[in-house]
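Analysis of the macromolecular model
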Amino acid sequence: MNNKSHAKNKDISGMIKVKLSDDNDFRKVAIADDDITIVIRRSIKNVIYALQKSVLSGALFVFLLSNHHHHHHALAASGGRMGGSSFSSSSRSSSSGSSSSGSSYSGSSYSGSSSSFFDSSSSSAHRPSSSSYNSSTQTSSPDRPMTESEARAARQLLCAIIGVFLVIHIWVFYNKLKNKEASKKSILMLQVGLLGTAISLQKDLNQIASLADTSTPKGFRYILQEATLALLRHPNYCVSGYSSVVVKWSVSDTEKLFNKLSIDERGKFDEETLVNVNNVRKKSATTEKTEMLSNECIVVTIIAAAIGVHKLPPVKSNEQLKEALQKLASIPSENILAAEVLWTPQEENDILTKQQVLEDYPLLHSF
């Protein structure tokens, strides 16, 4: 009996132990499941955090990119351009003028008159009159030596002939030299840097471009005079300048250099928003401006091609700038072959920074 009860107790204790061991395993499994859940939650949180970070970074990148594009658009350099050229008509007139001047100064035109003068002089000098011949035949033989008075008269006549000959040749040489100097052409360029607050200057240039007739030399002179006057009216805004003059002989070389200077300056604009060249007009408005930014600089460039030799002083002060502007404004209209006035920014709401001026206009000398 005792043995049976002892065996039964042993079985019960074994069952309890098995149950306890099963509970421990369950707890271990439960603990392991909790750890896995925590790890999964942490992983999900990390993934969500990483995704949020990536999304925020992408949004920030897109914002900066759009902001940069907006600023680039806001800082776009609008440009104004007015003027024109008459190189083709000038080349035709110069060729016809050179042919006519060449014929007027040809040697044949003077050889006939001079030879007739020499012939008449020599014939009058050596052909004796009838009275003198009769008197000489009566008093002496034909082979007698010349008297002192006759020799003096012959020397005076020879000196007069030589003098006339020299005067004619000096006159011809002077006219040829004068025509040669007149055939030279000058290409002049003047650049002026101004403070960005000179809004009234922009308005003046815009108005000149809208009113000017840019199809004739008189129109070229009009824009030169009005543009220089507009700059002369804003001396307190002018802070830098540059001038250059190049002399060429042929019209074609002059035209090439003029066009090169014009294209170089036009290439500094992002867009030509106001144009009046040879009466071809264009106007557009595409630039924008942020409220936080204000214009810093304005640059005006004047290019002119004129017959003759012209000079501009180096622009390193307001006084020299004034002199250069006055010289440009005083060129006669009949001598102007071409003229252009370019300025940036053209629009009042556009912006040109000091850094852009330093990069695009390195030749400007501060006053």
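Structure report, in brief. (Residues numbered from 1 in each chain as written. Predicted model: local features only at pLDDT ≥ 70, side-chain atom pairs only at ≥ 80, totals over all residues. Heavy atoms only, no water.)

**Describing helix α9 (residues 318–329)**
Between its first and last C-alpha atoms α9 spans 16 Å; for 12 residues at 1.5 Å apiece the expected length is 16 Å, and the two agree. Here α9 has its buried residues at L321, A324, L325, L328 and A329. For α9, the angular spread of buried residues about the axis comes to 135°, placing them on one side. (Helix = DSSP H or I, 4+ residues; strand = E, 2+ residues; numbered from the N terminus. Expected span 1.5 Å × (residues − 1). Buried < 20%, exposed > 50% of the residue type's maximum accessible area, 1.4 Å probe, protein only. Arc of directions from axis to C-beta.)

**Comments concerning the pairing of strand β4 (residues 271–277)**
Within β4, 6 of the 7 residues are buried, which leaves the element mostly enclosed by the surrounding structure. Where strand β1 (residues 78–85) meets β4, 6 bridges bridge the pair, whose relative direction is parallel. What sits directly across from S78, in β4, is E271. In this sheet, strand β5 (residues 280–283) lies alongside β4 in antiparallel orientation, the contact comprising 4 bridges. (Pairing = 2+ DSSP bridges.)

**Quick notes on the pattern of salt bridges**
Under the criterion given, the structure shown has 4 salt bridges. Across the pair E265 and K268 runs a salt bridge, and its minimum N-O distance is 3.2 Å. Linking E272 and R266 is a salt bridge whose minimum nitrogen-to-oxygen distance equals 2.6 Å. By relative accessible area, R266 is classed as partly exposed at 30%. (Salt bridge = Lys/Arg side-chain N within 4 Å of Asp/Glu carboxyl O.)

**Observations regarding empty space enclosed by the protein**
Across all of its chains, the model carries 1 cavity of 30 Å³ or more by this definition. Counted as a void, the largest cavity has a volume near 30 Å³. Considering the residues around the largest cavity, the lining is formed by E265, F269, V299, T301, L342, W343, T344 and Y361. Looking at the lining of the largest cavity, the element that brings in the most residues is strand β7 (residues 336–344), giving 3 residues. Looking at the lining of the largest cavity residue by residue, the classes come out as 5 nonpolar, 2 polar and 1 charged. (1 Å grid on protein atoms, 1.4 Å probe; cavity = no way out; pocket = protein on both sides within 12 Å on 5 of 7 lines; lining within 4 Å. Points joined across faces, edges and corners; volume = space filled by probe spheres on them. Nonpolar A, V, L, I, M, F, W, Y, C, P; charged D, E, K, R; others polar.)

**A look at the side chain of T214**
Considering the arrangement of structural elements, one finds T214 in the loop between α6 (199–211) and α7 (217–232). A polar atom in the side chain of T214 sits 2.6 Å from the backbone nitrogen of N279. Excluding residues that lie within four positions of it along the chain, T214 makes contacts with G83, G84, F220, I223, N276, V277, N278 and N279. (Polar contact = N/O pair within 3.5 Å; in protein donor to acceptor, adjacent residues only side chain to side chain. Contact = heavy atoms within 4.5 Å.)

**Let's talk about the pairing of strand β2 (residues 185–195)**
Note on strand geometry: in a regular strand, side chains alternate between the two faces of the sheet. Burial of β2 is extensive: 10 of the 11 residues sit out of reach of the surface. By the bridge criterion, 10 bridges tie β2 to strand β3 (residues 238–248) in an arrangement that is antiparallel. Considered in β3, the bridge of L194 is made with C238. Strand direction decides the pairing type here: β2 and strand β6 (residues 297–307), joined by 11 bridges, are antiparallel. Note that in β6 the partner of G193 across the bridge is V299.

**Side note on the sheet that holds β2**
Read across the sheet, 8 strands follow the order β5-β4-β1-β7-β6-β2-β3-β8 without closing on themselves; strand pairing throughout is mixed. Edge strands, defined here as strands with exactly one partner in the open sheet, are β5 and β8 (365–366). Against the sheet, α7 makes contact with β1, β2, β3, β6 and β7, and its axis sits at roughly 40° relative to β7, the strand it touches most. (Axes fitted to C-alpha atoms, helices over the stretch in contact; angles between N-to-C directions.)

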